[in-house]
There are 2 protein chains.
Amino acid sequence: MHRPAFASWLSQTNDVTQTFLAAGRIPGLINLAGGLPDPSVWPVAALAEQARSAVADHPGDTLAYSPIDGLPGLRDVIARRFSRGGLRLTRENVMITTGGMQALDLVGKVLLDPGDAIAAQAPAYLGALDAWMPRAPAYRPMRLEANDVDIAGCMAGAKFAYTVPNFSNPTGRLVGHDQRRALVDAANATGCWLVEDDPYGALYYDGAPLPRLLDISAGDRPDSSQEGLYDGPVIYLGTLSKELAPGLRIGWVIAAPEMITALTTAKQGSDMFTSGICQRIAQGALEDRLPEQILPDILSLYRDRRDALCAAMAEHLPDLYDWEVPSGGMFVWAVARDARLDTDRLMTRGLDHGVCISPSSVFDPEGRDRRATRLNFTLNPPDKLAEGIRRLAEATRAEMAAL
Amino acid sequence: MHRPAFASWLSQTNDVTQTFLAAGRIPGLINLAGGLPDPSVWPVAALAEQARSAVADHPGDTLAYSPIDGLPGLRDVIARRFSRGGLRLTRENVMITTGGMQALDLVGKVLLDPGDAIAAQAPAYLGALDAWMPRAPAYRPMRLEANDVDIAGCMAGAKFAYTVPNFSNPTGRLVGHDQRRALVDAANATGCWLVEDDPYGALYYDGAPLPRLLDISAGDRPDSSQEGLYDGPVIYLGTLSKELAPGLRIGWVIAAPEMITALTTAKQGSDMFTSGICQRIAQGALEDRLPEQILPDILSLYRDRRDALCAAMAEHLPDLYDWEVPSGGMFVWAVARDARLDTDRLMTRGLDHGVCISPSSVFDPEGRDRRATRLNFTLNPPDKLAEGIRRLAEATRAEMAAL
C-alpha cells in the first residue's frame, strides 16, 4: 500500500536517540549520556500522600477539565515564589506547562513562521532543537564564551534568543553577570524576546546564585505600565523535573501577559490543559516547601558526584580532552584535544567498551560539531563514574588509533 | 517597545473561546455550550487510592523520566482491550498521549507540510481545527449525511481523513455501517490515512455499538505481514476523558507501527512523555475495570438528560429549529429553519437571556456556517436543561425579531 509521505522535518531527525534507547538494553553499560536525576532524591512518601490528597480532597481541581493556563492556585504559588526585588508577578504572568519541554514547543508555535530566526546560545539543548525542528527555523549561534560575541547583532531581527544561563545543557557553563546584563540590554535594544530556560537554577554547588535574566530585566522597569506587572522581554521557563521529580511533568512560563495569552492559545490546541492531578500535587508540594526540604541532600549528592567524575577525568583524560569543572548543573563538556576525533563515531565505539556518551553533533542545529562530548554525573555513584571515565579513555584511545 | 510579530496563525483565532470563558462568570447562566461531563460520575475514592498507590508502589514508573511512547504496562492493557476478532494488537501498535487533544496535534505534526490537505467530516470538532491551525492545512469537507458524498474523491491526494464515527462532535450523528465500510474502502483505495477519533465510543444510549473503523480495517487484512500486527490505514484515537475523568489527561493512539514510530518522534519534541503518575493511575483503573464499573451509571444519567433536553426542545423549539435525537454522545445539533438566523449573534444575545450555546461557525474551517448550534446535555440536570431551552427559544425569537 502506498501511503502519503510524512512531513518533511521527520526525514531530518538523527538516530542518536535510537542509539541511546538501544544502549539501555546493553548489560553492564555505564550511561554517561543522559541527564537523569538519581531516584534516591525523590520524597516518595510525601508525594504519594500529596497524590492521594489531590484527588480525594480536590476532585474539582484534579478530575475535571481545568483552565488552559493552569490552576489559579498553582499559578499564584509560582508568582509568589519568583516575586522579589523589582520583580512583581501575579498569575497573569504565569502559565503551567506539561513539563519544561512543552514550553519550548509552545514558544516556537507562537513565534515562528517558516524562515524565522532564533539567536541560540551555542551549543544548544537538544530538546529545544527537537521542539523547533518542525518549524524549520534559521539559527544564529551565540558563542557566549567567545570574547568577541556580538549579542545584539545576533538578536537583531530574530524572533527570540534562547539561553540556559545556569549551567547550560550541554556545556555546564554558567553565564556570568556581565553577559546576563548584556543579554537583557540586547533584548531591550532590539525588541527580541529573550528565552531564559532554567531547569538547573537550583543546582549551584559552589557559590551563591547569580540574578536571573528575569530579575535583571525587572530591575530595568520600575515604572512598568500594567500596575507594576512584569511586561519585559524575558520568557522564563521553569520546571520541577530537577528539583522534585520529572514524572510530575510540571513546568511553567513566566512572561509578559501578552505572551502568556498567546502561549495559552497555543496550548489549547496542543494538549488543552496539564493534568489537574499533577498540578495539585505540585501546588501542595510547593506550599509545603518540599523542593526546599530536599535541596540540601540533592546538592550534597550531586556535588560529590561532580567531584568524583572530575577526579576520574583528571586521572584518565588530561592528554585527550580539555574541560572546565562546572560549578553546578548536571554535565561536564569535554572537548577533544585532537580535532580529528569524531564523537559520533566515539559514541558507537564507546558502546563496545561499555560506556555511553552524548556526541556534540546533537547539540548543533547543523549537526557539524563532532569534537566534544557531554558527560553526566548525577545518575551514577562515584565508583561507576570512575569506571565509566576509564572506559571512555580506553574507547577514545582506540578511536584515535583507528584514525 | 516594538516586539517581533507573533506567528501568522495566531491572528486567525476567533474570540468564541474568550466569550465562553467570560460567560462562565455570569451568575445564573445555563451553559449548554461546553462538552463537560457531570462530576457525579467520577469514582473519586477509587482514583485517590490509585493515585496514592501509583506513587508509593511504583515510584520508578511515576516519578522518573519514562518512555516517550508510554509505560509498557499501560500500552499492553490498551492493546488487550482493543484486540478482538481480526484485530491483533501489541504495544508496538499503541502510544500514550497527553489527552486526546495531543494525538490530534501529533497527527498534524507528522503528516502536514504547508498546503497539505485534510478530508474532514463536516462539520468538524473545534479542537481538531485548533490543533491543525498552526499548519494552515487545506480542508476538503466530507458531508457524510449527503446522499451524493464522494468519499474517495475527497480523500484522494489528502494526507489523512478525519472522522468521529460515534456521535460526532458537534452533530451527535452516528455514522452508519455502510458508510464506515465506505470510509475504510476509500482509505484502502487511495492510500490516505484514516483518523478515527472516538471519545464518545462508550456512550451508546439506545443500541449496540457499531464496529469501529479500526475493526473493519483489521478484517480486511487477515494475512497482514508483521506477524499479524495491525498495519492498516486507520489511526484510532481513544481517551479516558469521557469514560473516567478528563483531569487524568490520558489518551492513546492505535495505529500501524510505522505511524506509532513517527508520532513518538513528534511527541519527544512536544512534551517528552506523559506523566507517569497519570499513566499508572490509568493502568490501575483499567486493570481494575473501573470504566466498565461506572459505565452503567453514566449511561443512565446521560440518557435521561438527553431525553430531558429533547423533550424541552420538542416543547419550545419545533417552529425554530430542526434536529435529530442522537442515540449517544453528548450533543444535539439544532439547525435553524430560517436561513437568516446567525448563531454567532445568537450566542451573544443568549448571554443576555442567561443561556450559552456553541455557534456552528466554530466547527467550520472557513467559519462560514452560521445557521446551527450545538447543545450539550451531559453537564446540567433535567430542570436546568429545560430552563436553558426555554431561554434559547426566547433568545432566538428576539434575534429573529431583530432581523
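Here's what I pulled together on the structure shown here. Here the structure is a predicted model, which means the values were calculated and not measured.

Reading the values: the criteria
- Counting of residues starts from 1 at the beginning of each chain's written sequence and follows it residue by residue.
- Here the convention is simple: chains get letters from A, ligands get numbers from 1, in the order in which they are written.
- Where totals are concerned, whole chains, interfaces and linings use all residues; where local detail is concerned, this predicted model gives features only for residues with pLDDT of at least 70, and gives and counts side-chain atom pairs only at 80 or more.
- Based on all heavy atoms of the structure, the side-chain values leave hydrogens and waters out of the count.
- The copies were overlaid by least squares, fitting only the C-alpha atoms of residues that reach a pLDDT of 70 or more in each copy.
- Here, two residues are considered to be in contact whenever any of their heavy atoms come within 4.5 Å of each other.
- At least two bridges found by DSSP between two strands are what make those strands a pair.
- The numbering of helices and of strands both runs from the N terminus, where a helix is a DSSP run of H or I of at least 4 residues and a strand a run of E of at least 2.
- Each pair of aromatic rings taken from Phe, Tyr and Trp, with Trp reduced to its six-membered ring, is defined by centres within 6.5 Å and is described as stacked if the planes are under 30 degrees apart, edge-to-face if over 60, and tilted in the remaining cases.
- Partly exposed residues are those whose accessible area sits between 20% and 50% of the maximum for their type, while under 20% is buried and over 50% is exposed, using a 1.4 Å probe and protein chains only.
- For a Lys NZ or an Arg CZ to count as sitting over a ring, it must be within 6 Å of the ring centre and within 35 degrees of the ring normal.
- Multiplying 1.5 Å by the residue count of a helix minus one yields the expected span of that helix.
- Here, axes are lines fitted to C-alpha atoms. For helices the fit covers the stretch in contact, and angles between N-to-C directions go from 0 to 180 degrees.

## Quick notes on the relation of the copies chain A and chain B
Of the two same-sequence chains, chain A is brought onto chain B (RMSD 0.0 Å, axial shift 0.0 Å) by a rotation of 180°. Between the two chains, the operation in question is that of a two-fold axis. For chain A, the minimum C-alpha distance to the rotation axis belongs to R52 of chain A and amounts to 2.3 Å. Of all interface residues in chain A, 100% are interface residues in chain B too; the two copies therefore contact each other through one and the same surface.

## Regarding the sheet that holds strand β10 (residues 331–336) of chain A
Residue and element names in this part refer to chain A. One open sheet holds the four strands; their spatial order is β9-β10-β13-β12, and the pairing between them is antiparallel. Each edge of the sheet is formed by a strand with only one pairing partner; in this case those strands are β9 (321–322) and β12 (358–359). In this sheet, strand β13 (residues 372–376) lies alongside β12 in antiparallel orientation, the contact comprising two bridges. The residue bridging S358 from the neighbouring strand is R374, located in β13.

## What to know about the packing of aromatic side chains
For any pair of aromatic rings, the description consists of the separation of the ring centres together with the inter-plane angle of the planes. Taken as a whole, this structure holds 18 aromatic pairs over all chains when the rule is applied. Residues W132 of chain B and F160 of chain B carry aromatic rings whose centres are separated by 5.1 Å and whose planes lie at 65° to one another, so their mutual orientation is edge-to-face. With W132 of chain B in helix α6 (residues 126–132) and F160 of chain B in strand β5 (residues 160–163), the pair connects residues that are 28 residues apart, well separated along the chain. Both residues of the pair, W132 of chain B and F160 of chain B, count as buried. Here the basic side chain of R3 of chain A rests over the ring of W193 of chain B, its NZ or CZ set 4.4 Å away from the ring centre.

## Details of helix α5 (residues 99–111) of chain A
Between its terminal C-alpha atoms α5 of chain A stretches 19 Å, which fits the 18 Å expected from 13 residues at 1.5 Å a residue. Buried within α5 of chain A are the following residues: G99, M101, Q102, A103, L104, D105, L106, V107, G108, K109, V110 and L111 of chain A.

## Section: the sheet that holds strand β3 (residues 117–121) of chain A
Residue and element names in this part refer to chain A. Read across the open sheet, the seven strands follow the order β2-β8-β7-β6-β5-β3-β4; overall the sheet is mixed. A strand with exactly one partner marks an edge of an open sheet, and here the two such strands are β2 (94–98) and β4 (138–142). Across the sheet, the mean angle from the axis of one strand to that of its neighbour is 25°, orientation sign disregarded. Judged from the three bridges that link them, β3 and strand β5 (residues 160–163) form a sheet pairing that is parallel. Note on β5: the bridge partner recorded for A119 is A161. Against the sheet, α5 touches β2, β5, β6 (193–197), β7 (234–239) and β8 (250–254), its axis set at about 115° to β2.

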